[in-house]
Amino acid sequence: MPPKPPRRAAAAARSQRASPDSGSAPPPPPAAPRLEIGEADFVALCDALKVPDSVREKAWKTYESLSAADGALAYNKKKKETWGVCIFIAAIDLDEMTFTFTELLKSISISVCTFFQFLKEVDVNMDTVSTKVDSTVSKLKKKYDLLLALYHKFERTCGLIYLEQPSSEISTELSSVLVLKNCWITFLLAKGKVLQMEDDLVISFQLLLCVLEYFIKLSPPAMLKEPYKSAVTAAAVNGSARTPRRGQNRNTRASKQADADTKVIEVLCKEHGCNLDEVKNVYFTSFLPFLNSIGIAAPNGLPEVEVLSKQYDELYLNNKDIDGRLFLDRDETLQPDVSSSQLKRTPVKNHPDEEFTPILPQTPVGAAMNNIQQLMMILNSATDKPSDTLIMYFNNCTVNPTESILKRVETLEHIFKKKFAEAVGPGCAEIGSQRYKLAVRLYYRVMESMLKSEEERLSVHNFSKLLNDNIFHTSLLACAVEVVMATYVRNASQSDTSSAETRLSFPWILNVFDLKAFDFYKVVESFIRAEQSLTREMMKHLERCEHQIMESLAWQSGSPLFDLIKQSKEREGQTDQPEPTSTFNMPFQHNHTAADLYLSPVRSPKKKASGPSPGATSSPDAQQAANSQTQKPQKSTSLSLFYKKVYLLAYLRLRSLFSRLLSEHPDLEPLIWTLFQHTLQNEYELMRDRHLDQIMMCSMYGICKVKNVDLRFKIIVSAYKELPNTNQETFKRVLIREEQYDSIIVFYNLVFMQKLKTNILQYASNRPPTLSPIPHMPCSPYQFSNSPRRVPAGNNIYISPLKSPYKFSDAFQSPTKMTPRSRILVSIGESFGTSDKFQKINQMLGSSDGQLKRSAEGGTAPKPLKRLRFDIEGQDEADGSKHLPQESKFQQKLAEMTSTRTRMQKQKLQDGNDTSASEDK
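Here's what I pulled together on the structure shown here. (Residues numbered from 1 in each chain as written. Predicted model: local features only at pLDDT ≥ 70, side-chain atom pairs only at ≥ 80, totals over all residues. Heavy atoms only, no water.)

**Some words on the packing of helix α31 (residues 668–682) against helix α32 (residues 692–706)**
Item 1. Packing of α31 against α32 brings their axes to within 9 Å, and their N-to-C directions diverge by 135 degrees. Compared by their axis directions, α31 and α32 come out oblique. Read as a crossing pair, α31 and α32 show a hand that is right-handed. Seen from α31, the contacting residues are L668, L671, I672, L675, F676, T679 and L680; seen from α32, they are L692, I695, M696, S699, M700, I703 and C704.
Item 2. When its residues are assigned to classes, the contact of α31 with α32 shows twelve nonpolar, two polar and no charged. (Axes fitted to C-alpha atoms, helices over the stretch in contact; angles between N-to-C directions. Helix = DSSP H or I, 4+ residues; strand = E, 2+ residues; numbered from the N terminus. Parallel < 35°, antiparallel > 145°, perpendicular 65-115°, else oblique. Left-handed = near helix turned anticlockwise from the far one by under 90°. Contact = heavy atoms within 4.5 Å. Nonpolar A, V, L, I, M, F, W, Y, C, P; charged D, E, K, R; others polar.)

Here you go:
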């Protein structure tokens, strides 16, 4: 949230404002003489917001710099809006916020969405909006997105709970509108007091359900729809009275009543697909303590709106952010951008003649609940203790790791609970414990799958070395926790990557477990391959975590990566490099697993059969020292693979930026890539505490400069901001020297250019450096197609992707009855075509690009999916269905379809016999 003002200013502000629900506000005290800066309307705006002189001066200077910049006409047409943005920027930078964000919006008559968009347009230069302002805006945007999503859910839910026109027996003073108003303000107050991390969508929604449950119980049954009316009636029969008794504290009664009756909360959880245990946990550990702390009571059983609003007013004025009560009034400052939201809801036709049924996207709350349900389905059969199979692996070890594994899990749970409560809220420790236990179940499940794969791959049973490796277990557990946290910790705006990040987002778990990013990276790919049930979203999330590590996290001071690079350089002299450029144009394939990477460089990547097994008990250092007496030190598998991936990611990022800026100069791409790759390979110290994209942008600017191509850093940065997964801090705050940061332009002039000046100038000579090969572009091992693939040559045949083994219906999951064969669906349009098109389907299914099964790359060839064999032109099928020249197209289609159906039936019969035979065994 924006910085808090001094106490005196805050007290003055509170005394001069009245609650929106109270009458007229008291007259403000006479304004102190102000320094007259800028135009009269600007001065009036500053006076209305009580802006101090320092903020006025800085805001006016910012406005003058914008007026002198390119495109100043747009700012002159929107003077008041521009002034408001400049005042906001200055107040944040100077820590002198004397107004709330909502007050600013109302003063310049602008909505939240328009303000954010206008602020983005104002940031034409890298130094107009500081990273401090960026951070504040990000928090405001997250809170707005969250409140908007929750209020829409609140409205729809209340429409399902309360009758619009209750019977006449209800008091005229007790209307559904009043109950809704009370309920929403109570939720805003509870959210502000219970949650320190206000952008947690799931806990916020669970808290909203608790508030709804509380007000449903306080409401007369005649106001309620089914099934809530029956639930409240049943509670009354069981002795849960709704009105306060004399001499008894209503909050105390509510606590006792909640212990005895959870019928209403059960109905709410069922209707919204929520986990009952989790919501009850929030209810008892967070919501009831909140109720006891605010001390609200009223004769009719409902809290007084004025009392609630006054308490929320204090919270809102202290935070200086968004007044969530205005959602009740449909205030125009809080209305979403209709054009953009409508655009997102409008499907795009693949062909103008196609007919389709528009499918609206899931709501943020619905998407979050579905993801949580799917995680629960995956872990339904898992336990929070090692399985019998794992115990067998542990017992086969030379040194049994069982005790150390269990102790580590217990120790890290205490650490996790403490850190979770510090980040989310003091009363949320048990919520953190629930999520951690889910992660432990996933940890054991993935570990077992990994060990089975290693046993098949290496034909060994003793994994003592691996299973006694503390870093391996911590990394594997951290990865499991990250999957669970990413499933739960969702922001309301998932379309915007920056908005999707929360305080608990990666790399938060690395700090909690005191784990190095480079060590965590080693387990990611094996984790994805070991857990076949991971959703596409979770796969992409883990891939993004891996990218963050390669971009910057692994390059932080203290990372083991620098020691590995140094050892690699010393192994055969300075001519050695982490990964030879000769391998760039080779297919990116490897059969290394987490075991290889964590035990590297013990096992030689080229001689696995003769290398020590994972059950070896000697330490990596001792083993390496022993080997050094007879042969050269082995190359680090983890470093080699890391550099291959870094080069690939670096080139993909460069290509994206290059296509936006220099598509008319294709000859420059190999030059920029060569300089970029040379820097990563030979001047890797430039990456210390910096970002991969900073080196990329400097390489692009340097080559353009020496080749006399007019490309200013301002243009590079503008295009870079449009790339996915970027952060403005990357170019606004670059390390210059120890504890000194500045913009990327300063970094280029003072650091990058000074280090690489000689190399860069070579590109202007007649004898430029040898160009680095372009890395081979593979398909990502973590992604699979999201939509049906169309067979080329203009036909109507599509191949659907591998489907999730779960489907959602009425917010609940149920396993679908899908076999490996039925997951590959072929859609045949009117233009059935000839049999050669089916050959294309078979070729596509058999190709590496169309591979639908995830399996370890390299090693033994994966068993292909069974597929239907269609007619091959020029050959007779077993059933004798050969096409005659005189047959019509319709007859050919019919014959082909009959032939296909016959073979499907035969195959189905055969599969049934195979299944029966296997069961008999």
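**Looking at the nonpolar core**
Item 1. Residues F513, F527 and M700 are the most contacted members of the largest nonpolar core, which totals 237 residues.
Item 2. The greatest single-element share of this core, amounting to 14 residues, is contributed by helix α10 (residues 201–218).
Item 3. The contact partners of M700, leaving out residues within four places of it in the chain, are L654, L657, F658, L661, L662, I672, L711 and I716. (Core = buried A, V, L, I, M, F, W, Y, C linked by side-chain atoms within 4.5 Å. Buried < 20%, exposed > 50% of the residue type's maximum accessible area, 1.4 Å probe, protein only.)

**Quick word on the pattern of salt bridges**
Item 1. Going through the model one piece at a time under the given rule, you end up with 24 salt bridges.
Item 2. When the shortest N-O distance is used, the salt bridge between K79 and E39 registers 3.0 Å. In this pair, K79 sits in helix α5 (residues 79–93) while E39 sits in the loop between α1 (7–16) and α2 (40–48), placing the two residues 40 residues apart along the sequence.
Item 3. For E39, a relative accessible area of 33% gives the class partly exposed.
Item 4. Close ionic contact of K217 with E213 constitutes a salt bridge, the shortest N to O distance being 2.8 Å. Of this pair, K217 and E213 both sit in helix α10, four residues apart, which is roughly one turn of the helix.
Item 5. The class for E213 is buried, based on a relative accessible area of 2%.
Item 6. Each of E525, R529, E546 and K645 takes part in a single network of salt bridges with overlapping partners. (Salt bridge = Lys/Arg side-chain N within 4 Å of Asp/Glu carboxyl O.)

**Some thoughts on the environment of N281**
Item 1. Its place among the elements puts N281 in helix α14 (residues 276–294).
Item 2. Taking the relative accessible area as the measure of exposure, N281 reaches 12% and is therefore buried.
Item 3. Along the backbone, N281 and C428 are 147 residues apart, and their C-alpha atoms lie at a distance of 8.9 Å.
Item 4. Residues in contact with N281, not counting those within four places in the same chain, are S286, E430, I431 and Q434.

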